[in-house]
Amino acid sequence: MNESIVTDSEPELEAVGSALAKSLNFGDIIFLEGELGAGKTTVAQAAARCLRLKGVHPVVLDGDAVRDAVRDPHTGHDRVSRLANAYRICRLAKLLADQGHLVLVATMSLFSEIHQWNREQLPNYLEIYLKVDWESLVARDARGLYSQFDQGNADNIAGLDLDFDEPSKPDLVLENQEPFVKPEKLAEKILDHLQVIRN
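Residues numbered from 1 in each chain as written. Predicted model: local features only at pLDDT ≥ 70, side-chain atom pairs only at ≥ 80, totals over all residues. Heavy atoms only, no water.

Take the overall build of the protein chain next. Regarding its fold elements, the protein chain presents eight helices and five strands. If you list the helices and strands of the protein chain from N to C, you get α-β-α-β-α-α-β-α-β-α-α-β-α. Evaluated residue by residue, the protein chain yields a buried proportion of 49% over its 199 residues. Considering only contacts within the protein chain whose residues lie at least 6 apart along the sequence, 81% involve residues at least 24 apart. Of the roughly 9500 Å² of accessible surface on the protein chain, a fraction of 49% belongs to carbon and sulfur atoms. (Helix = DSSP H or I, 4+ residues; strand = E, 2+ residues; numbered from the N terminus. Buried < 20%, exposed > 50% of the residue type's maximum accessible area, 1.4 Å probe, protein only. Contact = heavy atoms within 4.5 Å. Areas by Shrake-Rupley, 256 points an atom, 1.4 Å probe, with all protein chains shown as cover.)

See below:
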């Protein structure tokens, strides 16, 4: 979900970034998961901005952006295609982490097998679940897909006709529903948590 980022919290982000930069393991993978409209991309971008303020330049992998870059004509939005695309993103994250990059991944990560694969295969893996109640998701109606589904004009929508496997053992759960929480605040919590587990 490509929402605009609030930018009035730069001093707070800079303070968090300064402390964190001293304790980072390059090769960390921070996976932001959640349903459509949870704010994954927005929070990932806020976290990346925080890190860049202190000279740490992460790679951000957004699920939709990867799909658009690869443009595999055989990858649709059904369960089989989504699972194949999810593995593609995970392997790309591992490739980058193995070369020393800090990677921020923003993707729905619908499937329990993906959560398990990440735990087993990804080094320095941190799983963040952006949890939003259904009423808030529908009210936001990211990209209009929920209303399109109701009108019979869309299918393979996570949480509706496509199951969403809620992460069973996330490292951190962040509530991101109403009232509105600034993405910088959520990014702060993620990076604070990373700092704690790295010290």
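Quick look at helix α5 (residues 112-121) now. Along α5, the positions that sit buried rather than exposed are Ile114, His115, Trp117 and Asn118. Seen along its axis, α5 keeps its buried residues to an arc of 165°; they face one direction. Buried residues in α5 make contact with β1 (29-33), α4 (79-98) and β4 (125-131). (Arc of directions from axis to C-beta.)

On inspection of all chains with the given rule, the structure shows four aromatic pairs. Here Trp134 and Tyr146 contribute two aromatic rings whose centre-to-centre distance is 5.2 Å and whose plane-to-plane angle is 65°, an arrangement assigned as edge-to-face. Separated by twelve residues along the polypeptide, Trp134 in helix α6 (residues 134-140) and Tyr146 in helix α7 (residues 145-150) bring together distant segments of the chain. According to the relative accessible area criterion, Trp134 is partly exposed, its value standing at 31%. Looking at Tyr146, the relative accessible area reads 3%, which means it is buried. (Phe/Tyr/Trp six-rings, centres within 6.5 Å; stacked < 30°, edge-to-face > 60°.)

Across the protein chain, the average pLDDT comes to 85, with 87% of residues at 70 or higher. Per-element averaging of pLDDT across the protein chain places helix α1 (residues 10-21) at the bottom with 54 and strand β3 (residues 103-106) at the top with 97. Here residues 1-8 is a poorly scored stretch, pLDDT under 50, and it has 23 contacts once near neighbours within four places are set aside; other chains count. (pLDDT = per-residue confidence, 0-100.)

Overall, parallel pairing links the five strands, which are arranged β2-β3-β1-β4-β5 in an open sheet. Every other strand in the sheet has two partners, leaving β2 (59-62) and β5 (172-175) as the edge strands with one partner each. Geometrically, the sheet is characterised by an average inter-axis angle of 20° between neighbouring strands, direction not taken into account. Where β1 lies against β3, four bridges are found, and the strand directions are parallel. Bridging from a neighbouring strand, Phe31 pairs with Val105 of β3. Across the face of the sheet, helix α8 (residues 183-198) comes into contact with β1, β4 and β5 while running at roughly 165° to β5. (Pairing = 2+ DSSP bridges. Axes fitted to C-alpha atoms, helices over the stretch in contact; angles between N-to-C directions.)

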